[in-house]
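Residues per chain are reported as follows:
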Amino acid sequence: AVKPAFRPRAWTIAGVLVDTATAEFQLPTEIDADRSRLLLTLGSSPLSVIKGLTYQLRVYPYYCTEQASSAAQPLIALYRAQRGLKGITLLKGDPKADIQLAVSLLSRRQRADGGIGYWSSEDWTTPWLSAYAGMTLIEARAVGIAVDDSVLSRLGRYLRASLDDPQPIRAPVIGWYDRMQASLSDKVAAADFLSRLGQAHVAAENELLRNAAQLAWEDRVRLAEVLARRKAFRAARGLLQPIWNTVKVEGRRATVPEAAFSYDHYFTSRVRPVGRLLTATLAVDSANALLGPLVETLVQQSRAGALSPWNTQDYAAAVSALAAFDKKVHAGAARPFTVQGGGRTLFASAGVPVATARLTIGDSSVALTGMLGAGADGKSALRLSLAANGAGSPIYYYLTVQEVPKQRPVNPEDRGIRVERWYEKYDAKQPIVSIAEGELVRVRLRITVPEERQFLIVDDALPAGLEAIDLSLRTASLTPGPGIDEKSRYLTPEDAEGEGEEGARQESQWYYGSWDSGWWSPFDHKEMRDDRVLYSATILWKGTYTMTYLARATTPGTFIRPPAHAEEMYNPAVYGRSDGGSFTVTPK
């Protein structure tokens, strides 16, 4: 496959159109207007926003469990909705293959104890993560995707055991469990999954209700929805009423108090608490006056001057809540609406009577040719005018600019992460940009972070003439490190107890990072693909870290040397890239 010589970037604005509105993208000056495109998705239902989100998400076989679950949820929601509609196309093609891929991926990662591992069946998990993956499996089963009942049964036993006999967390996220709210969040997640599975743990739910004051704001809301599922509406309303009283309606939007975001979960999200409140309110009081303002707050994504403001948790939370709202509150009469930009009409839709279709959703894609003007701080600006006429449902819109730069980037960029990458001959430390076919290349990476970073991903794309070598397939490492025995890696908790206090200390310190050929690395996951190598670190403390791997020159030619890229998975605005250029492989 032909890959772009740069890391694709997208800029998004989403919102609710009642009469007229304007949307303005602040874009880089070096954008190629002819090749960059504006994607528009608009309609009389929140499903329009969900459909727009599918441009951002796909299920890939190398995703972590959280990513695979979050990417599958929009597809499941649209697939369910599309089956109940006539004449409305929400998805291009059949999404069942992607959903089935997510189901297979999560099922294969089930550990011996029933939990779902983060990267594999041998990897760490928590009740929260396992319950999150389990929700995806339940939703997939509900739309007719084959899900092994034994997987759900074992997962249910694991989560029930986490409520009845909780075990210490042995994972890189252990630092978050210094706060009691993390353990309670696990319990609420487990209770929620069991409730959805039809195996409600009523005693655990009641115990959580008694300790509601100690729960995080988001978990109190989630518990209210769990209680409503078993018709305990009085208790659920008792949890939600104080929260409803703190939500302010400003204009058409609901402003959620900052207390909703005070708990720093390891899978952080500023959208998820709002989504939880919307679904819980729908379950407890479907006529509540806050529903409309909450939807508008959830849809609103107007920060088009900030790159990729939402993470995978944000997308999945928005999808779950908007799909629940659409299912409960049907759209009314569709209204005609238009989008104009660059002095011309980019999109127009006529109203559709309710008798013909319950909703209308349309989408379009146009190049930015002739549409860019001068923006603030020397940037380019794309200004759009949106209008809806007549009476009827509000119009939900999702606008995305897919950026293509005029020149492929070759200069390094530091937005909170400094990335350096260079190549050496295998037997020399001199940097090179050319090598003979068949020879080995040592690729070196250096990552510097000024502050602690969480869930950091390093993506190093190789020049097409090089292929990474997977040394893990060898029976012995070429360069064994000082920790080659890796004794503490294999210590079980029982072994650690047998080794005494020192053994327990050794066992706990390897919750972080991984061993690679006898060397300890703070990156706890590494992937060797045919075109790139990726590293993932759950925690990266302030400092400088180096990584190295081998590649072989396989194909003669002059190739693009794409910059290596690093970013925080749940805070993509913190990122960095190395320099780029070209790399030559000379014929043998």
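Residues numbered from 1 in each chain as written. Predicted model: local features only at pLDDT ≥ 70, side-chain atom pairs only at ≥ 80, totals over all residues. Heavy atoms only, no water.

Caption draft 1: Representation of the overall build of the protein chain. Scanning the protein chain from terminus to terminus reveals 14 helices and 27 strands. Within the span of the protein chain, comprising 588 residues, buried residues form 54% of the whole. Pairs at least 24 apart in sequence give 75% of the contacts found in the protein chain among residues at least 6 apart. Accessible area of the protein chain: about 25500 Å², with a carbon and sulfur share of 50%. (Helix = DSSP H or I, 4+ residues; strand = E, 2+ residues; numbered from the N terminus. Buried < 20%, exposed > 50% of the residue type's maximum accessible area, 1.4 Å probe, protein only. Contact = heavy atoms within 4.5 Å. Areas by Shrake-Rupley, 256 points an atom, 1.4 Å probe, with all protein chains shown as cover.)

Caption draft 2: Spotlight on the packing of helix α2 (residues 65-83) against helix α12 (residues 312-328). Taken N-terminus to C-terminus, the directions of α2 and α12 make an angle of 30 degrees; their axes are 9 Å apart at the nearest point. Taken together, the axes of α2 and α12 are roughly parallel relative to one another. The crossing of α2 and α12 is left-handed. Contacts from E66, Q67, S70, Q73, P74 and A77 of α2 reach α12 at T312, Q313, A316, V319, S320 and A323. For the contact of α2 with α12, the per-class residue count stands at five nonpolar, six polar and one charged. (Axes fitted to C-alpha atoms, helices over the stretch in contact; angles between N-to-C directions. Parallel < 35°, antiparallel > 145°, perpendicular 65-115°, else oblique. Left-handed = near helix turned anticlockwise from the far one by under 90°. Nonpolar A, V, L, I, M, F, W, Y, C, P; charged D, E, K, R; others polar.)

Caption draft 3: Representation of the sheet that holds strand β11 (residues 395-403). The four strands lie next to each other as β1-β11-β3-β8, forming an open sheet whose pairing is antiparallel. In this open sheet, the two edge strands, each paired with only one partner strand, are β1 (9-17) and β8 (361-367). Each strand of the sheet is rotated relative to its neighbour by a mean of 15 degrees, with strand direction disregarded. Relative to β11, strand β3 (residues 37-43) is paired through seven bridges, and the arrangement is antiparallel. The partner of T41 across the bridge, within β11, is Y398. On top of the sheet, helix α11 (residues 291-299) reaches β1 and β11; it is set at about 165 degrees to β1, its chief contact. (Pairing = 2+ DSSP bridges.)

Caption draft 4: Region of interest: the pattern of salt bridges. The final tally for this structure, using the stated rule, is 27 salt bridges. Put simply, R111 and D113 hold a salt bridge, and the shortest N to O gap is 2.5 Å. Residue classification places D113 among the partly exposed positions, given a relative accessible area of 40%. Among the ionic pairs, R421 bridges to D460, the shortest N-O distance being 2.6 Å. Placement of R421 in strand β13 (residues 418-425) and of D460 in strand β17 (residues 453-461) is noted, with a sequence separation of 39 residues between them. Its relative accessible area of 5% is what places R421 among the buried residues. (Salt bridge = Lys/Arg side-chain N within 4 Å of Asp/Glu carboxyl O.)

Caption draft 5: Region of interest: the packing of α11 against α12. Across the interface, α11 lies against α12 with an axial gap of 11 Å and an inter-helix angle of 145 degrees. Crossing handedness for the pair α11 and α12: left-handed. Here α11 contributes L291, V295, L298 and V299 to the contact with α12, which in turn contributes A318, A321, L322 and F325. In the contact of α11 with α12, the residues fall into eight nonpolar, no polar and no charged.

Caption draft 6: Here's a closer look at the sheet that holds strand β15 (residues 434-436). With respect to topology, three strands assemble into an open sheet ordered β15-β27-β24, the strand pairing being mixed. Either end of the sheet is taken by a strand with one partner, and the two such strands are β15 and β24 (557-561). Direction aside, the axes of adjacent strands within the sheet are offset by 25 degrees on average.

Caption draft 7: A look at the packing of aromatic side chains. All chains considered together, the criterion is met by 18 aromatic pairs. The interplanar angle of 75 degrees and the centroid separation of 5.4 Å between the aromatic rings of Y118 and W119 together place this pair among those described as edge-to-face. Ring centres of Y118 and W124 lie 4.7 Å apart, and the angle between their planes is 25 degrees; on these two criteria the pair is classed as stacked. One aromatic cluster in this structure is built from Y118, W119, W124, W128, Y132, W176, Y177, Y266, F267, F455 and Y570. The side chain of R270 reaches across the aromatic face of F261, ending 4.0 Å from its centre. (Phe/Tyr/Trp six-rings, centres within 6.5 Å; stacked < 30°, edge-to-face > 60°. Lys NZ or Arg CZ within 6 Å of the ring centre and 35° of its normal.)

Caption draft 8: Just unusual backbone geometry, in detail. With a phi close to 70 degrees, K231 is a non-glycine residue in the positive phi region. As for its placement among the helices and strands, K231 is situated in the loop between α8 (217-229) and α9 (233-246). In this structure, F455 takes a positive phi of about 50 degrees despite not being glycine. Tracing the backbone shows F455 in strand β17.

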